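# Geometric and topological summary
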Number of protein chains: 2
Amino acid sequence: MTDVLPAPSQTSAELAAAFGRLCEAQPMLIGMALAGDAIPGMRPDLVLHAGPPITWEGMTSAMRAAVCGGLVFEGRCATVEEAEALAGSGTISFAPAHDHQAAGAMAGIITASMPVFIVEEHISGLRAYVTINEGLGKALRFGANGPEVTERLRWIRDEFYPLISRALELAGPMDLKQAIAEALRRGDEVHNRNKAATSQFFRDIALALVATGAPHEKLEKALRFIAGNDHFFLSLSIAHAKAVSLYVEALGKGDIVTVMAGNGVEVGIRVASLGKRWFTAPASVANVKFFDGHSEDEATPTMGDSYITESIGLGAFALAAAPAISSFIGGTVEELIARSERMRDITVGEHSYFRIPALGYRGVPSGIDVRKVVSTGIQPLINTGIASRIPGVGQIGAGVQQIPMGCFVAAQAELDRIG
Amino acid sequence: MTDVLPAPSQTSAELAAAFGRLCEAQPMLIGMALAGDAIPGMRPDLVLHAGPPITWEGMTSAMRAAVCGGLVFEGRCATVEEAEALAGSGTISFAPAHDHQAAGAMAGIITASMPVFIVEEHISGLRAYVTINEGLGKALRFGANGPEVTERLRWIRDEFYPLISRALELAGPMDLKQAIAEALRRGDEVHNRNKAATSQFFRDIALALVATGAPHEKLEKALRFIAGNDHFFLSLSIAHAKAVSLYVEALGKGDIVTVMAGNGVEVGIRVASLGKRWFTAPASVANVKFFDGHSEDEATPTMGDSYITESIGLGAFALAAAPAISSFIGGTVEELIARSERMRDITVGEHSYFRIPALGYRGVPSGIDVRKVVSTGIQPLINTGIASRIPGVGQIGAGVQQIPMGCFVAAQAELDRIG
């Protein structure tokens, strides 16, 4: 399966304990709230973003555009130009979503009045937060910020969210772990392919939505919004992975990766035994299938918090579950599966619950071992969408990329230092 | 892939034309009606059943029980005992559903006031009919016929059917070919595993159901009925295959199988070049995984019209698309896929539209060539459920069985005779 001998496995009780938490975590979707009411430390003047810390000045154009779109949505400014001035004025603070138990796809912008799904890890009670996926095309997470985007975000907040929130109350907690396990049996890797997972979620939420007794036209609009976006479940997959990650991180032991995320300039990782510290390296663009009319020159380097799904063994680590993704991200099915299977050389073990029928029900490779990455030289794969550098354009490609080795070298240096 | 050399392919234009029709057929779900209003030749005193022709006296206990349940449902009798007397009185006629452009799972009983889905092959306008799947457990198709079954059938006719029928009018024709192709990408083989296909159908019908403006409690009950039955789509898969089969059969040429079906006593096939004639052999039980507490002694031999799905390359011919089915029907994933792939030796070619991502997007083996079956000695596989011989018990197992060689030997003898 590989031509590189894996490094000797770490067998410490700490590593096993961290990996055990990764497998045993039980993330449940328990409801929704506005970000400002739910996310710890969230406030009107704070904007959360994807990846490791970055200043307004340092941000890519796509992330800046998304920040501005968020401020316009909040009603803090009337225009994008005013928002740029406000964002750079010092009034607004910026912080990684990951520092606030949250995570977001692509630019990952979260402002105070955005509604968020709340996913609670059942054993620990730890909670993760994520915004609603807006759909493909012009979306804030890709740096689009025109009137269409603002209008959709406001509809989500003012109409969609109250309805879904009420439906979730009626439905009761939803078991995301079970939903993801079933989606793996239905051809999703639950990062860049969420078709089956979205279809399942649609079924569950539709029953609850009808039970709310809301007017038919409101029900229909809400249902069409979900049905029209095959990536709707991505938000829940991210929040699920973040909840797992929080549970592993809370152990405070084990040299396994808890977070991988990019801000478009740098990619950063976190390690269970090293807490909330970021270990970063420059972000890049590689191995991407660009949509017609777009090229690498226009691409924003690795950006987004959704690689938290790979941190727990999904996404690019589970490509064998989702052969049909090859038509979306490029490459032959055989190549993609072979690359994905190589992740077994840098992980602690096979997930006990997330299994792939086509591989004779082997578990997905889970728990990225920092020391194995460094010793084998095999970089973790991530499935990713690519945002244009040009504000307002949105997604221009997708593919399988790698987390830079520099992140792992930096983390291992710290592990060696504290010995 | 096999240790038996395949027979030389027939290359006649007729065979190619029949196979071409099999691949190009475009079955669309266009609506619903009551069987007596829609199925050609249907009348109150006619009961349609699965498989080749059989008399009341010759039927298995499971099929008799289903016939009686049908007559009670129709209000022709108050009790099952009265229904037995009526069924044997000579007043009631029996005919294969396949002789009336219809097909049914397991016992396959269709009576005049049962609602049916109408699936039209778009190029030819030929129509196929199938009843609504009642769900697992005590269901008429498995020979259950108590008050619970009657009540459910009447709710289906009186409440569910009018609502679904109205929703289908609003939705417009649904492309079943596209739906099945997508389900193959989501882990279904669309015979014994219909989870993804049902989930997709739920999404489409839910949007249309809400658009009917029907009262919320009726909507919710209808949606829960579909959501609660992972096999709901099976009816549509059967009708889809029957519509394809009618289109191939209408060509009147090509030695490929158009129908494979069992009545619990005999299994019969039809061949495109031989029209509507049945070629039969005794039915048997083999290779079945029985549910706990049940055994072969209690099993009804091969019964049902659903093997029409295998006739077009789905079901047991497409196991590589549905590795997760192994937990339902037994056997390792590798064994099941290897057996399924062997069907390439007895088929005309690869389906041009139904493709399996995990096999590098190869088409499913389609168009069973009678002469290849006989010359290779490889019997077509079928995925099947097993009904108890004991009336009222229902399903007691599932597995991969084979269509008896005798059917193909008889058909080839006729082909040789007419030369």
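Please read these numbers as outputs of a predicted model, since none were measured by experiment.

Within chain A, the regular secondary structure consists of 14 helices and 15 strands. Against the globule reference of 22 Å for 419 residues, chain A gives a C-alpha radius of gyration of 20 Å, in line with a compact fold. On the principal axes, the C-alpha backbone points of chain A span a range of 55 × 45 × 45 Å. Here the analysis covers contacts within chain A between residues at least 6 apart in sequence; of these, 75% occur between residues at least 24 apart.

Attention now goes to helix α3 (residues 61–73) of chain B. All names here are of chain B. An ideal rise of 1.5 Å per residue puts 18 Å on 13 residues; α3 measures up with 18 Å between its terminal C-alpha atoms. Most of α3 is tucked away, with twelve of its 13 residues classed as buried. Restricting attention to buried positions, one finds in α3 the residues A62, M63, R64, A65, A66, V67, C68, G69, G70, L71, V72 and F73. A positive backbone phi angle near 80° is found at G75, which sits one or two residues after α3.

Glancing now at the sheet that holds strand β14 (residues 381–387) of chain B. Residue and element names in this part refer to chain B. Here we have three strands laid out as an open sheet, ordered β10-β15-β14, and antiparallel in their pairing. If you trace the sheet from one side to the other, it starts and ends with β10 (288–290) and β14, each paired once. Adjacent strand axes in the sheet meet at a mean angle of 15°, parallel and antiparallel pairs treated alike.

Residues and elements named next belong to chain A. Taken in spatial order, the four strands of this open sheet run β9-β8-β7-β11, and their pairing is antiparallel. Each having just a single partner strand, β9 (279–282) and β11 (303–304) make up the two edges of the open sheet. The pairing of strand β7 (residues 257–263) with strand β8 (residues 266–271) spans five bridges and is antiparallel. Residue pairing for β8: A261 is matched across the bridge by G268.

With 28 residues of chain B at the interface, the matching set in chain A holds 28 residues. For the side of chain B that touches chain A, the elements supplying multiple residues, two or more each, are α7 (195–211), α8 (216–227) and α12 (333–341) of chain B. Looking at the side of chain B that touches chain A, the element that brings in the most residues is α7 of chain B, giving ten residues. In terms of residue class, the side of chain B that touches chain A is built from 14 nonpolar, seven polar and seven charged.

Moving on, we come to the packing of helix α3 (residues 61–73) of chain A against helix α4 (residues 80–87) of chain A. Residue and element names in this part refer to chain A. Their axes nearest at 8 Å, the elements α3 and α4 cross at an angle of 105°. Compared by their axis directions, α3 and α4 come out roughly perpendicular. From α3, V67, C68, L71 and V72 reach across to α4, where they touch V80, A83, E84, L86 and A87. Taken together, the residues that form the contact of α3 with α4 break down as eight nonpolar, no polar and one charged.

With that settled, the discussion passes to the environment of G304 of chain A. Positionally, G304 of chain A belongs in strand β11. When sequence neighbours within four positions are dropped, the list of residues in contact with G304 of chain A reads A50, A105, M106, G108, A261, G262 and T384 of chain A.

All right, on to the relation of the copies chain B and chain A then. Relative to chain A, chain B is turned by 180° and slid 0.0 Å along the rotation axis, the superposed coordinates differing by an RMSD of 0.0 Å. Such a combination of rotation and displacement between the chain copies is what one expects of a two-fold axis. Ranked by how close their C-alpha atoms come to the rotation axis, the residues of chain B are headed by R186 of chain B, at 2.1 Å. Of the interface residues in chain B, 100% have counterparts in chain A that sit at the interface too, so the contact is made through matching surfaces.

When glycine is set aside, most residues are seen to have a negative phi, and most peptide bonds are trans. For Y361 of chain A, which is not glycine, the phi dihedral falls at a positive 65°. Positionally, Y361 of chain A belongs in the loop between β12 (347–356) and β13 (362–368). Non-glycine residue Q101 of chain B carries a positive phi angle of around 60°. Note on placement: Q101 of chain B falls in the loop between β3 (93–96) and β4 (115–121).

A separate point is the nonpolar core. In this structure, A239, I269 and A318 of chain A together with A239, I269 and A318 of chain B are the most contacted members of the largest nonpolar core, which totals 288 residues. Not counting residues within four places of it along the chain, the set of residues in contact with A318 of chain A comprises L184, E189, G313, S340, I356 and V364 of chain A.

Turning our eyes to something else, we now look at the domain arrangement of chain A. All names here are of chain A. When the domains of chain A are assigned, the result is domain 1 (13–24 + 252–418) and domain 2 (27–235). Each of domain 1 and domain 2 was reduced to a C-alpha centroid, and the two centroids are 22 Å apart. Taken residue by residue, the interface counts 43 residues in domain 1 and 42 residues in domain 2. Within the residue set of the side of domain 1 that touches domain 2, elements represented by two or more residues are β7, β8, β11, α10 (308–311), α11 (326–329), β12, β14 (381–387) and β15 (395–402). At four residues, the largest contribution of residues to the side of domain 1 that touches domain 2 is made by β7. Broken down by class, the residue content of the side of domain 1 that touches domain 2 amounts to 22 nonpolar, 16 polar and five charged.

On to the pairing of strand β5 (residues 127–131) of chain A. Residues and elements named next belong to chain A. A large share of β5 lies buried, amounting to five of its five residues. By the alternation rule, side chains of β5 split into R127, Y129 and T131 and A128 and V130, which are all buried. Counted between consecutive antiparallel strands, the loop separating strand β4 (residues 115–121) from β5 contains five residues, among which G125 sits at a positive phi close to 80°.

Before going further, it helps to examine the environment of I92 of chain B. Residues and elements named next belong to chain B. Tracing the chain through its elements places I92 in the loop between α4 (80–87) and β3. A C-alpha to C-alpha distance of 24 Å links I92 and N133, two positions 41 residues apart in sequence. The residues contacting I92, other than those within four sequence positions of it, are D45, V47, L86 and A87.

Close reading of the predicted structure is inappropriate where its pLDDT is low. Residues and elements named next belong to chain A. On average, residues of chain A carry a pLDDT of 94, and 97% of them reach 70 or more. Contacts for the low-pLDDT stretch residues 1–10, under 50 throughout, to residues beyond four places or in other chains number 20 contacts. As scored by the predictor, the complex reaches a pTM of 0.93 and an ipTM of 0.90.

Residues and elements named next belong to chain B. For helix α9 (residues 234–251), built from 18 residues, the straight-helix expectation of 26 Å at 1.5 Å per residue is met to within 8% by its first-to-last C-alpha distance of 26 Å. The buried count for α9 comes to 16 of 18 residues, which makes it a mostly enclosed element. Trailing α9 by a residue or two, G252 shows a phi angle of about 75°, which is positive.

Residue and element names in this part refer to chain B. Position of M59 relative to the elements: it lies in the loop between β2 (46–49) and α3. For M59, a count of 22 C-beta atoms within 10 Å gives the class buried. Measuring from C-alpha to C-alpha, the distance between M59 and E266 comes to 9.9 Å, with 207 residues separating the pair along the chain. Not counting residues within four places of it along the chain, the set of residues in contact with M59 comprises I54 and R64.

What counts, and at which threshold
- Residues numbered from 1 in each chain as written.
- Chains lettered and ligands numbered in written order.
- Predicted model: local features only at pLDDT ≥ 70, side-chain atom pairs only at ≥ 80, totals over all residues.
- Helix = DSSP H or I, 4+ residues; strand = E, 2+ residues; numbered from the N terminus.
- Rg over C-alpha atoms; globule rule 2.2 N^0.38 Å.
- Contact = placed C-beta atoms within 7 Å.
- Expected span 1.5 Å × (residues − 1).
- Buried ≥ 20, exposed ≤ 12 C-beta atoms within 10 Å, placed from the backbone.
- Pairing = 2+ DSSP bridges.
- Axes fitted to C-alpha atoms, helices over the stretch in contact; angles between N-to-C directions.
- Nonpolar A, V, L, I, M, F, W, Y, C, P; charged D, E, K, R; others polar.
- Parallel < 35°, antiparallel > 145°, perpendicular 65-115°, else oblique.
- Least-squares fit on C-alpha atoms with pLDDT ≥ 70 in both.
- Core = buried A, V, L, I, M, F, W, Y, C linked by C-beta atoms within 7 Å.
- Domains from an automatic or database assignment.
- pLDDT = per-residue confidence, 0-100.

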